[in-house]
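# Structural characterization, general
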Amino acid sequence: MTHYCIDKACGYEETNHKIRDGIKCPKCKGPVMSVHPDKKE
C-alpha cells in the first residue's frame, strides 16, 4: 500500500503493507489517501 497526503505541498508519502485508512498526516495533520499498488494509475 502507498499512503500519501492529499496536500501535494506537504509531500508526505509512505509505502508499507499496512492498511491505514482514516489516519492523519504526521507532517501537516491533513487527510491521507491509500492506494493499492495494483490499482495505482
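Up top is the structure.
A brief look at the structure comes next.

Rules used throughout
Throughout, residues of each chain are indexed from 1 in the direction in which the sequence is written. The predicted nature of this model means local features are confined to residues of pLDDT at least 70 and side-chain atom pairs, given and counted, to a pLDDT of 80 or more, with totals for whole chains, interfaces and linings taken over all residues. Derived side-chain values reflect all non-hydrogen atoms in the structure, with water molecules and hydrogen atoms excluded from consideration. Numbering goes from the N terminus for both helices and strands, where a helix is a DSSP run of H or I of at least four residues and a strand is a run of E of at least two. Working definition: with a 1.4 Å probe on protein chains only, accessible area under 20% of the residue-type maximum means buried, over 50% means exposed, and in between means partly exposed. Any two strands with at least two DSSP bridges between them are considered paired. Fitted lines through C-alpha atoms serve as axes, helices being fitted only where they are in contact, and the angles separating the N-to-C directions of these axes extend from 0 to 180 degrees. Contacts described as polar in this section are N or O atom pairs within 3.5 Å, which, within protein, must combine one atom able to donate a hydrogen with one able to accept it, while residues neighboring in sequence count only if both atoms come from side chains. Nine residue types can take part in a nonpolar core, namely buried Ala, Val, Leu, Ile, Met, Phe, Trp, Tyr and Cys, and a core is a set of them joined through side-chain atoms within 4.5 Å. Residue contacts are defined here by distance: any two heavy atoms, one from each residue, within 4.5 Å place the two residues in contact.

What follows is about unusual backbone geometry. Of all residues except glycine, most have a negative phi; of all peptide bonds, most are trans. In this structure, K29 is a non-glycine residue whose phi angle is positive, near 65°. Mapped onto the elements, K29 comes out in the loop between β2 (13–15) and β3 (32–35). We classify K29 as exposed; its relative accessible area is 57%.

Here we come to the pairing of strand β1 (residues 2–5). Both β1 and β2 contribute to a ladder of three bridges, which runs antiparallel. Bridging from a neighbouring strand, T2 pairs with T15 of β2.

It is worth spelling out the sheet that holds β1 at this point. Think of a sheet as strands paired side by side through backbone hydrogen bonds, with each pair either parallel or antiparallel. Pairing is antiparallel in the open sheet, where three strands are placed in the order β2-β1-β3. Because the sheet does not close on itself, it has two edges, and the strands there are β2 and β3. Strand-to-strand twist across the sheet, computed as the mean angle between neighbouring axes with direction ignored, equals 20°. Across four bridges, β1 lies against β3 in antiparallel orientation. What sits directly across from C5, in β3, is V32.

Bringing the environment of H3 into the picture now. With respect to the secondary-structure elements, H3 resides in strand β1. As for H3 and C25, which are separated by 22 residues in sequence, their C-alpha atoms are 9.4 Å apart. A polar side-chain atom of H3 sits 2.9 Å from a polar atom in the side chain of S34.

Here we take up the nonpolar core. Ranked by size, the top nonpolar core spans five residues in total: C5, C10, Y12, C25 and V32. The contacts of C5, once residues within four sequence positions are left out, are C10, Y12, C25, C28, P31 and V32.

So far we have only geometry, and geometry alone does not tell us how the molecule works.
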